[in-house]
Amino acid sequence: PVARAPPVGAARAGATPGAHRLQRGAGVGCGGGAEEPRRMSGGLFRTDGGVKASSGLDVADPTIQEAWAKVRDDKAPETWLVLEYEGNTKLKVRQCGAGGAADLAEALDDSSQVFFGGLRTQAGKFYCLMCMGEEVKAMQKGRAVAHKNAAFNALEGTCNEVCGNSKDEFQQQLSKVDF
């Protein structure tokens, strides 16, 4: 019979507090040697298969989904959507508009902000957007990078992204898209 490990989190008699968080190596191809215990990672980037934590970004504002639905509608004139932060952990619609790259660039007029959003290409594909202003502070940039996936996941149906660490870099990347 194969010995089975107790469930994760199960306390053993005489075990030290937090011992359930230690895990031996996977054992595949180990050759039977004792391995050093490793800590199970937690938070956003778990590698142990556990539940991933939320980044804390609030994208529940219904106007975001309403505006994105317009962009996704082939019959609607809107072709892009720009989102901005309201506080540190909530996104809101900054602007939803029709037109091309020049019109979208006009909506990114604040160099101290981080913008997310989406667009519809001429081929009918949908891209996510992220543009960091030149004057965005390091902590804001770090928070935005942590929020990027949550912001992009709020825009259903996207297949690629256009990102830039400045408005110029963003416009350069945008010029490669048939927008």
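In this text the structure is predicted, and so the values were computed from the model without any measurement. (Residues numbered from 1 in each chain as written. Predicted model: local features only at pLDDT ≥ 70, side-chain atom pairs only at ≥ 80, totals over all residues. Heavy atoms only, no water.)

Novice: Help me understand the overall build of the chain, please; the structure alone is not making it clear to me.
Specialist: Per the secondary structure count, the chain includes 4 helices and 7 strands. For the chain, the α and β elements follow one another from N to C terminus as β-β-α-β-β-α-β-β-α-β-α. Taken over 179 residues, the chain has a buried fraction of 30%. Contacts in the chain between residues far apart in sequence, at least 24 positions, make up 54% of those at least 6 positions apart. (Helix = DSSP H or I, 4+ residues; strand = E, 2+ residues; numbered from the N terminus. Buried < 20%, exposed > 50% of the residue type's maximum accessible area, 1.4 Å probe, protein only. Contact = heavy atoms within 4.5 Å.)

Novice: Got a minute to help me understand the side chain of His147 in this structure?
Specialist: Looking at the secondary structure, you find His147 in helix H3 (residues 138–153). What makes His147 buried here is its relative accessible area of 3%.

Novice: Before we go on, may I ask you to explain the environment of Gln113 in this structure?
Specialist: Along the polypeptide, Gln113 turns up in the loop between helix H2 (101–107) and strand E5 (114–120). As a C-alpha pair, Gln113 and Gln140 span 27 residues in sequence and 8.6 Å in three-dimensional space. Once you skip the residues sitting within four places of it in the chain, Gln113 turns out to touch Glu84, Tyr85, Cys131, Met132, Gly133 and Val136.

Novice: Mind showing me how you'd approach the confidence of the model for the chain here?
Specialist: Any region with low pLDDT has predicted coordinates that should not be read closely. With 70% of its residues at a pLDDT of at least 70, the chain reaches an overall mean of 82. Every residue in residues 18–33 scores below 50 in pLDDT, and together they form 22 contacts with partners more than four places removed in sequence or on other chains. In the model, residues 35–43 has pLDDT below 50 throughout and makes 28 contacts with residues more than four positions away in sequence or in other chains. (pLDDT = per-residue confidence, 0-100.)

Novice: Sorry if this is basic, but what is going on with the pairing of strand E4 (residues 91–97) here?
Specialist: Two faces make up the sheet, and in a regular strand the side chains alternate between them. Of the strand pairs in this sheet, strand E3 (residues 80–85) and E4 are connected by 6 bridges, and their pairing is antiparallel. Across the sheet, the residue bridging to Leu81 is Cys96, located in E4. Where E3 folds back onto E4 in an antiparallel hairpin, the turn is made up of 5 residues, including Gly87, whose phi is positive at roughly 80°. (Pairing = 2+ DSSP bridges.)

Novice: Got a minute to help me understand the sheet that holds strand E7 (residues 160–164) in this structure?
Specialist: Backbone-to-backbone hydrogen bonds pair the strands of a sheet. The strands run either parallel or antiparallel. One open sheet accounts for 5 strands, arranged E4-E3-E5-E6-E7; its pairing is mixed. Of all strands in the sheet, those with a lone pairing partner are E4 and E7, marking the two edges. Mean inter-strand twist for the sheet, computed between neighbouring axes without regard to direction, equals 20°. As paired elements, strand E6 (residues 126–132) and E7 share 5 bridges and run parallel to each other. Paired with Tyr127 across the strands is Asn160, a residue of E7. Here helix H1 (residues 62–72) sits on the sheet in contact with E3, E4, E5 and E6, set at roughly 30° to E4. Against the sheet, helix H4 (residues 167–174) engages E5, E6 and E7, with an angle of about 150° to E7. (Axes fitted to C-alpha atoms, helices over the stretch in contact; angles between N-to-C directions.)

Novice: What exactly am I supposed to notice about the nonpolar core here?
Specialist: For soluble globular proteins, the rule of thumb is that nonpolar side chains tend to be buried together. Of all hydrophobic cores here, the largest spans 20 residues; its most connected members are Leu81, Tyr85, Leu91, Val114, Phe116, Met130 and Ala144. At the level of secondary structure, the elements contributing two or more residues to this core comprise H1, E3, E5, E6 and H3. With residues near it in sequence (within four places) discarded, Phe116 still touches Leu81, Val82, Leu83, Tyr85, Leu91, Leu129, Met130, Ala144, Lys148, Ala151 and Phe152. (Core = buried A, V, L, I, M, F, W, Y, C linked by side-chain atoms within 4.5 Å.)

Novice: Before we go on, may I ask you to explain the pairing of E6 in this structure?
Specialist: Of all 7 residues making up E6, 7 are buried, and the element is well covered by its neighbours. Of the two faces of E6, the one holding Phe126, Cys128, Met130 and Met132 and the one holding Tyr127, Leu129 and Cys131 are both buried throughout. In terms of strand pairing, E5 meets E6 through 7 bridges, oriented antiparallel. Opposite Val114, over in E6, you have Met132 as the bridge partner. Following E5, the chain reverses through 5 residues before pairing antiparallel with E6; Gly124 in that reversal takes a positive phi of roughly 85°.

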